[in-house]
Amino acid sequence: VQSLNRLIDNHSNSVLMSALNWFAFTSLGLIPTLIIFTFLRELSLLPLNEERRALTRNFFNIGALGLSSLFAAIGMVQARQLPRVKRVSVPIEGLDPKLEGLKIAQLTDVHVGHTIRGDHISAIVDLTNSLKPDIIALTGDLVDGLVSDLEPHVAVLKKLSAPYGKYYVTGNHEYYWGAAAWSQHLEKNLGFKYLANEHVSVPVNGKKVLIAGVTDLQGEHFSPLDKCD
């Protein structure tokens, strides 16, 4: 899919480009399912004679194609739904009472691109803000495209609000699309603090909370600014 985006003029927001991306992502779910059904079909045909095999194979093929298409469609619908909110309590021995109940919202693997657009991101922002987090952590794989192409679709991330700040680290997909440019854009225009193998100390209720960020391992193959230590 990444190669497809590069080969066919990624700067274009054409209907064709979006359609090709939808086709590619749907195929990622459809083809493995068909392979599994084909394997099961051959196993089920082993004890049958030649005549019954031909008849059973035809019925099996129709059913396998229908079920695989259904599963792929369900997967694509689920991918377009808002992320589920999973609440996790983290017990920390010796935690100062003044830090009890500190709420961190983690967003990850949003993959803004030809299939995930600004309207979907806006809904995610509204959902996140409704949780009233104290800290927001954006932990990589935000985009599948260049800043110049996706800037309008990520602009709404500026509305994410947390009293103790918003923090960002790269995933591997940022390195395919210019991690340095994306980290600068999030810091300069969207209000995030980019943590590239570094940490910050944040005062909370008279105490200090250390927030550290580690870049994805893909960073070691790119520029020194994005390299993992």
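Everything here concerns the structure above.
These lines cover the structure that appears in this document, whether it is placed above or below. (Residues numbered from 1 in each chain as written. Predicted model: local features only at pLDDT ≥ 70, side-chain atom pairs only at ≥ 80, totals over all residues. Heavy atoms only, no water.)

Where burial is concerned, the two faces of strand β2 (residues 135-138) agree: the one with Ile135 and Ala137 and the one with Ile136 and Leu138 are both buried. Following the backbone out of strand β1 (residues 104-107), through helix α4 (residues 118-130) and into the adjacent parallel β2, one traces a crossover that is right-handed. Here β2 runs beside strand β3 (residues 166-168); their pairing, made up of three bridges, is parallel. From the neighbouring strand, Leu138 faces β3, where its bridge partner is Tyr168. (Buried < 20%, exposed > 50% of the residue type's maximum accessible area, 1.4 Å probe, protein only. Helix = DSSP H or I, 4+ residues; strand = E, 2+ residues; numbered from the N terminus. Right-handed = clockwise from strand over helix to strand, strands pointing away. Pairing = 2+ DSSP bridges.)

This brings us to the sheet that holds β2. Taking strand neighbours across the sheet as the criterion, the four strands line up as β1-β2-β3-β4 in an open arrangement whose pairing is parallel. Either end of the sheet is taken by a strand with one partner, and the two such strands are β1 and β4 (193-194). With four bridges connecting them, β1 and β2 associate as parallel partners. Of the residues in β2, the one forming a bridge with Ala105 is Ile136. Relative to β3, helix α7 (residues 179-190) is tilted by about 170°, and along the sheet it contacts β2, β3 and β4. (Contact = heavy atoms within 4.5 Å. Axes fitted to C-alpha atoms, helices over the stretch in contact; angles between N-to-C directions.)

What follows covers unusual backbone geometry. Phi angles above zero are rare outside glycine, and His111 is one such case at about 55°. Structurally, His111 is set in the loop between β1 and α4.

Following the sequence through the fold, Tyr164 ends up in the loop between α5 (147-154) and β3. Separated by 60 residues in sequence, Tyr164 and Ile104 have C-alpha atoms that sit 9.7 Å apart. Once you skip the residues sitting within four places of it in the chain, Tyr164 turns out to touch Leu102, Asp134, Ile135, Val202, Pro203, Val204 and Asn205.

Bringing the pairing of strand β5 (residues 198-204) into the picture now. Pairing analysis gives seven bridges linking β5 to strand β6 (residues 207-213), with the strands arranged antiparallel. Bridge pairing in β6 places Glu198 opposite Gly213. From the end of β5 to the start of β6, which pair antiparallel, there are two residues, and Asn205 there has a positive phi angle of about 50°.

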